[in-house]
Amino acid sequence: MIIGKSKKEIEKMRAAGQLAGLVLKELRSMVRPGVTTLEINRAAERMICDAGALPTFKGYHGFPYSICASVNEQVVHGFPSDYQLREGDIFSIDCGATLEGFVGDTATTVPVGTVSDEWLDLVRITEECLDRAIEECRPGKHLGDIGAAVQEHAEAHRYSVVRDYVGHGIGRRMHEDPQIPNYGKRGQGPKIRAGYCFAVEPMINLGTHYTKVLADGWTVVTLDGKPSAHAEHTIAITEEGPEVLTKIAL
Ligand code: MG
Ligand code: MG
């Protein structure tokens, strides 16, 4: 069941979303060659806790960290570690904050130092896929329109769309109904209504869409070892269109 949110609830979602977005912005500015992903995790946890919120991911189904830190061929759910980011890496940071009972969930992929044009394009197109998906988040559209928008843009650039992991409804819980695949057909699936809140999150691969999970039970990697990029925002659907709750004004 898709849980619609009241204006009051969306206000709280906005506060949680803005916190998650601000934290992600700070983390982004820390990224450079030599920094460990564990240092970035520690900074995230401190900022979230200092704001009186909880790191949503920590303890979620036993996930041990406050961010997901996924480098290069890692798609999502990577563990922060003492790995030092290297020039040429692409580093996806996924961050969740629970504030006054509501969750904000947002992710971005950051180039580390100088990155090859091929990998930079992947990151850029993934962000564009997210923008296009957000444009579909309007009353009267269908869930399938979101996935179709991502898939059309990614495949036009000969990338592939991860099938095994999807976006989701969000609210008091990080993962609510519905699932929001990054592929699909226009006009299909449930109608989008004002008051719905979605976490839209394209995961786009340079090679094939297949993935596998590493022995740690969490880290998702591409099966072919080629890089993957990820971008995510939490969105509220209003009568006027999408409000991006995790977007921070520059
Ligand atoms: Mg996320
Ligand atoms: Mg999410």
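Residues numbered from 1 in each chain as written. Chains lettered and ligands numbered in written order. Predicted model: local features only at pLDDT ≥ 70, side-chain atom pairs only at ≥ 80, totals over all residues. Heavy atoms only, no water.

What follows concerns helix α2 (residues 37–50). In this model α2 runs 20 Å from its N-terminal to its C-terminal C-alpha over 14 residues, within 8% of the 20 Å that 1.5 Å per residue would give. Those residues of α2 not exposed but buried are T37, I40, N41, A43, A44 and I48. End-on view of α2: buried residues confined to an arc of 165°, all on one side of the axis. In α2, the exposed positions angled more than 90 degrees off the buried face are occupied by R42 and D50. Remark: G52 follows α2 within two positions and exhibits a positive phi of approximately 80°. (Helix = DSSP H or I, 4+ residues; strand = E, 2+ residues; numbered from the N terminus. Expected span 1.5 Å × (residues − 1). Buried < 20%, exposed > 50% of the residue type's maximum accessible area, 1.4 Å probe, protein only. Arc of directions from axis to C-beta.)

What follows deals with the coordination of the magnesium ion (ligand 2). The coordination sphere of the magnesium ion (ligand 2) contains the protein donors D105 (OD), H168 (NE2), E201 (OE) and E232 (OE), at a distance range of 2.1 to 2.3 Å. Counting residues between consecutive donors of the magnesium ion (ligand 2) along the chain gives the motif D-x62-H-x32-E-x30-E. The distance between the magnesium ion (ligand 2) and the magnesium ion (ligand 1) comes to 3.1 Å, with D105 serving as a donor to both metals. Separated by 64 residues along the polypeptide, H168 in strand β7 (residues 167–169) and E232 in the loop between β13 (228–230) and β14 (233–238) bring together distant segments of the chain. A residue is classified by how much of its surface remains accessible, and H168, at 4% relative accessible area, is buried. (Donors = N, O, S within 2.8 Å, 3.2 Å for Na, K, Ca; no water.)

Moving on: the pattern of salt bridges. Evaluation of the coordinates by the stated rule reveals ten salt bridges. One salt bridge in this structure joins E136 and K141, with 2.9 Å as the shortest N-O distance. Judged by its relative accessible area of 28%, K141 falls in the partly exposed class. Between E136 and R186 there is a salt bridge; the shortest N-O distance is 3.4 Å. (Salt bridge = Lys/Arg side-chain N within 4 Å of Asp/Glu carboxyl O.)

Attention now goes to the pairing of strand β8 (residues 176–180). Taken together, the three bridges between β7 and β8 define a ladder with antiparallel strand orientation. Bridge assignment links G167 to a residue of β8, and that residue is I180. Between β7 and β8, which pair antiparallel one after the other, the connecting turn spans six residues. (Pairing = 2+ DSSP bridges.)

Here we take up the coordination of the magnesium ion (ligand 1). D94 (OD), D94 (OD), D105 (OD) and E232 (OE) make up the full set of protein donors to the magnesium ion (ligand 1), lying at 2.0 to 2.5 Å. One chain supplies every donor to the magnesium ion (ligand 1), and in sequence these donors are spaced D-x10-D-x126-E.

Our focus in this paragraph is the packing of aromatic side chains. The tally for this structure, following the rule as stated, stands at five aromatic pairs. Relative to F79, the ring of F63 has its centre 5.5 Å away and its plane inclined at 75°; by these criteria the two rings are edge-to-face. Note that F63 is positioned in the loop between β1 (54–55) and β2 (67–71) and F79 in the loop between β3 (74–76) and β4 (90–99), a separation of 16 residues in sequence. By relative accessible area, which is 23% here, F79 ends up partly exposed. Seen from their ring centres, Y196 and F198 are 6.0 Å apart, and the 45° between their planes marks the pair as tilted. Exposure class is identical for Y196 and F198. Each is buried. Aromatic rings pair up to connect F63, Y65, F79 and W218 into one cluster. Above the face of the Y183 ring, R163 is positioned so that its terminal group lies 5.0 Å from the ring centre. (Phe/Tyr/Trp six-rings, centres within 6.5 Å; stacked < 30°, edge-to-face > 60°. Lys NZ or Arg CZ within 6 Å of the ring centre and 35° of its normal.)

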